[in-house]
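Below, each chain spelled out in residue letters.
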Amino acid sequence: KLVVNGQPRDVADRLTVAGLIRELGLEKAACAAEVNRDLVPKRQREERELREGDAVELMTLVGGG
């Protein structure tokens, strides 16, 4: 189990940050990703595997005014 944006979530083994972003349907959104409070640069998301107990925060940018 992971904690994603404060909510517990079951995920597949060996899921990457990029895989989680795809699973949540956020791949087309401008999105920042943190794992255990460490920013994961876009270029590292395919390699960064998530582990049991990781805390993931995904933040999307929303325009408005």
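Reading the values: the criteria
- Residues numbered from 1 in each chain as written.
- Predicted model: local features only at pLDDT ≥ 70, side-chain atom pairs only at ≥ 80, totals over all residues.
- Heavy atoms only, no water.
- Pairing = 2+ DSSP bridges.
- Helix = DSSP H or I, 4+ residues; strand = E, 2+ residues; numbered from the N terminus.
- 1 Å grid on protein atoms, 1.4 Å probe; cavity = no way out; pocket = protein on both sides within 12 Å on 5 of 7 lines; lining within 4 Å.
- Points joined across faces, edges and corners; volume = space filled by probe spheres on them.
- Nonpolar A, V, L, I, M, F, W, Y, C, P; charged D, E, K, R; others polar.
- Core = buried A, V, L, I, M, F, W, Y, C linked by side-chain atoms within 4.5 Å.
- Buried < 20%, exposed > 50% of the residue type's maximum accessible area, 1.4 Å probe, protein only.
- Contact = heavy atoms within 4.5 Å.

Draft legend 1. Region of interest: the pairing of strand β5 (residues 55-60). Two elements, strand β1 (residues 2-4) and β5, share two bridges in a ladder whose sense is parallel. Each residue of the ladder has a partner; that of Val3, found in β5, is Ala55.

Draft legend 2. Focus on the layout of surface pockets. The volume enclosed by the largest pocket comes to roughly 190 Å³. Every residue lining the largest pocket is listed: Ala18, Ile21, Arg22, Leu26, Glu27, Ala29, Ala30, Cys31, Lys42, Arg45 and Glu46. Classifying every residue of the lining of the largest pocket by side-chain character gives six nonpolar, no polar and five charged.

Draft legend 3. Inspection of the nonpolar core at higher detail. Within the largest apolar cluster, 13 residues are counted, with the highest numbers of intra-cluster contacts made by Val17, Leu20, Val35, Leu50, Val56 and Leu58. Looking at this core, the elements with two or more residues in it are β1, α1 (17-23), β3 (31-35) and β5. Setting aside its immediate chain neighbours within four residues, Val56 contacts Leu2, Val3, Val4, Asn5, Leu20, Glu34, Val35 and Leu50.

Draft legend 4. Highlighting the pairing of β3. Here β3 shows one buried face, formed by Cys31, Ala33 and Val35, and one open face, formed by Ala32 and Glu34. Of the strand pairs in this sheet, β3 and β5 are connected by five bridges, and their pairing is antiparallel. Within β5, the residue paired with Ala32 across the bridge is Met59. In terms of strand pairing, β3 meets strand β4 (residues 38-39) through two bridges, oriented antiparallel. Residue Val35 lies in a different strand from β4, and its bridge partner there is Asp38. The antiparallel pairing of β3 with β4 creates a hairpin that spans two residues between the two strands, and Asn36 there sits at a positive phi of about 50°.

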